[in-house]
Amino acid sequence: MHVHYALKANPDARIVAEVAKAGFGADCVSIGEVRHAIDCDIPANRCVYSGVGKTDPEIIEAINLGIECFNVESLEELHIISHLASHIGKIAPIALRINPHIDAHTHHYITTGLAENKFGIDITLFDQAIRMATTLPGLHFRGIHCHIGSQILTNEPYALLCSRINELVARAQQAGATIEYINVGGGIGVDYEQPASNPIADFQGFFDTLRQGLILPTGAHIHCELGRSIVAQCGSILSRVIYVKEGLERRFVIIDAGMNNLIRPALYQATHRIDNLSAPSSTPTAHYDIVGPVCESADTFAENYPLPRTRRGDILAIRSAGAYAASMASLYNLRCPADVIYTE
Ligand SMILES: *Cc1c(COP(=O)(O)O)cnc(C)c1O
C-alpha cells in the first residue's frame, strides 16, 4: 500500500516534513503543491498529480520534475499530455481518473464521484480512454485512479468502489492494457463531534475494505491519497471572545477568528466542536451563536451552541482544524492570517 498525503489538507512545511519522514508520497493538485512536496523532501517520483485544469506549463514542469503519475481527468487532457510529452521527447506516466458514479453520502460540495461532478473521466468513456492511453505517443499508461469524495464516514462507498475498480481492471486487461497502479483516492472521514475521545480515523476499516474488495493483478500496487484523516485532529483554532452581544432573539459570541481562518462552516455547512478553555467546568451552560468578525452573515461557526456561560476575553478552541482550515485561509476583509503554534 502506497500512501500519498493530500497536501491541500494542510501544506504546512513542518507537517509535510513529518509526512516525508513517515515515508509517504504526496497527492498534489497544482504544480505549486508538486514543488512544495519536493521542497519538503518528498521525492518527485512519489508525487501524483490530479486536477481537472492542469495548464500546459504545469504539465511540462511536472514531466521534467519526474513525477510518479498524472491522474488524468479528461480525454482532452490525455491528448495534451501526449502532445506535450512527445514535443519535449519524454514519456509521461499516466493513470486515468475515472468518475465511477458512486455516491459517497457526504455534503454535495465534497462529493466528486457522481455523474454530475466535474472530476474524472466519465465511466461511460472508459474503453475509449484506455484505447487512447495505450496508443497515444508519449504516454506510459500505469493504471486507474478514483477519488469519490471527502469526509466519508462508512466503508460502504469504498466497498462499492472496489467492485467498480475490479470491473475496470478486467476491462482494461481485456483491451490488452497492463495495470500496475490502482489508486483509490482518499476521503476517510473524521469525528468532528467527539474529536477528543475519537481522535483516530477508521484507517483499519478502510484498509480492510480494500484488502477484501480489490482483486489485485500481479505486479500491481494499491495507492491511496489521505488528507483530512491524517491531520484534521492535529490542530485547534484558539480565538478570543471580543464581545458577548445580546441580540433581540439570539445571544452572539463574537470571536476574533473568522471565515477567513476557517471557511468550512460557511462553505459546506460543516460543524466543528467548540470548547471554552477559560470557563471553569462548573459554570452553568447557555446557548450562543458563535460568529466571527467578517462582514458576511455566513461567518458563523455554530448556531444555538451550548457553552459554559461565556464572557469577553475568554479563549475558545475550535477543534479539528488541522485540515482545510489554514490551507483555505484568505485575506478577506484584509484580516491577518493566524499565527501557527506547534506543540508536541
Ligand atoms: C482532496 C483530495 C484527496 C484527499 O481527500 P481527503 O478527504 O482530505 O482525504 C485525495 N485525492 C484527491 C484527488 C483530492 O482532490
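Use the structure listed above.
Heads up: these notes are all about the structure in this document. (Residues numbered from 1 in each chain as written. Predicted model: local features only at pLDDT ≥ 70, side-chain atom pairs only at ≥ 80, totals over all residues. Heavy atoms only, no water.)

Considering the overall build of the protein
- Each helix and strand in the protein was counted, giving 9 helices and 15 strands.
- Relative to the 2.2 N^0.38 estimate, which gives 20 Å for 344 residues, the radius of gyration of the protein is 22 Å and therefore close to what a compact globule would have.
- Burial statistics for the protein: of 344 residues in total, 52% are counted as buried.
- Summarising the internal contacts of the protein: among those between residues at least 6 apart in sequence, 68% fall at separations of at least 24.
- If you sum the accessible surface of the protein, you get close to 16200 Å²; carbon and sulfur atoms cover 53% of it.
- Each charge class in the protein can be summarised by its mean position, and for the 26 positive and 36 negative side chains these summaries are 4 Å apart. (Helix = DSSP H or I, 4+ residues; strand = E, 2+ residues; numbered from the N terminus. Rg over C-alpha atoms; globule rule 2.2 N^0.38 Å. Buried < 20%, exposed > 50% of the residue type's maximum accessible area, 1.4 Å probe, protein only. Contact = heavy atoms within 4.5 Å. Areas by Shrake-Rupley, 256 points an atom, 1.4 Å probe, with all protein chains shown as cover. Lys, Arg positive; Asp, Glu negative; His and termini not counted. Charge placed at Lys NZ, Arg CZ, Asp CG, Glu CD.)

Quick notes on the pairing of strand S9 (residues 221-226)
- By the criterion of burial, S9 is predominantly enclosed, with 5 of the 6 residues buried.
- In this structure, strand S8 (residues 181-183) lies alongside S9, joined through 3 bridges in parallel fashion. When the bridges of S9 are listed, Tyr181 appears paired with His221.
- Tracing the backbone out of S8, into helix H7 (residues 203-213) and back to the parallel element S9 gives a crossover that is right-handed. (Pairing = 2+ DSSP bridges. Right-handed = clockwise from strand over helix to strand, strands pointing away.)

Re unusual backbone geometry
- Although it is not a glycine, Asn304 sits at a positive phi angle of roughly 50°.
- Structurally, Asn304 can be placed in strand S14 (residues 300-308).
- Judged by its relative accessible area of 53%, Asn304 is exposed.
- Even without a glycine there, the phi angle at Ser320 is positive, about 55°.

Focus on helix H5 (residues 126-135)
- Buried within H5 are the following residues: Phe126, Ala129, Ile130, Met132 and Ala133. Projection of H5 onto a plane perpendicular to its axis shows the buried side chains occupying an angular sector of 165°, all on one side. Among the exposed residues of H5, those pointing more than 90 degrees away from its buried face are Arg131 and Thr135.
- Those residues of H5 that are buried are in contact with helix H4 (75-87), strand S5 (92-99), strand S6 (121-122), strand S7 (139-145) and helix H6 (156-174). (Arc of directions from axis to C-beta.)

What about the site of the ligand?
- Neighbouring the ligand are 14 residues, the closest being Lys8, Ser150, Glu225, Arg228 and Tyr324.
- Asp27 is positioned with one of its side-chain polar atoms (N or O) 3.1 Å from a nitrogen atom of the ligand.
- The side chain of Ser150 places a nitrogen or oxygen atom 2.3 Å from an oxygen atom of the ligand.
- For the ligand, whose free accessible area comes to 390 Å², the fraction covered by protein is 95%.
- Of the residues in the shell around the ligand, the class split is 3 nonpolar, 6 polar and 5 charged. (Near = heavy atom within 4 Å. Polar contact = N/O pair within 3.5 Å; in protein donor to acceptor, adjacent residues only side chain to side chain. Nonpolar A, V, L, I, M, F, W, Y, C, P; charged D, E, K, R; others polar.)

Quick notes on the pattern of salt bridges
- Summed over the entire model, instances satisfying the criterion amount to 13 salt bridges.
- Asp275 is paired through a salt bridge with Arg319; the nearest N and O atoms lie 2.9 Å apart. A residue pair is termed long-range when its members are at least 10 positions apart, and Asp275 in strand S12 (residues 274-276) and Arg319 in the segment after strand S15 (315-318) qualify at 44 residues.
- With relative accessibility at 16%, the residue Asp275 sits in the buried group. (Salt bridge = Lys/Arg side-chain N within 4 Å of Asp/Glu carboxyl O.)

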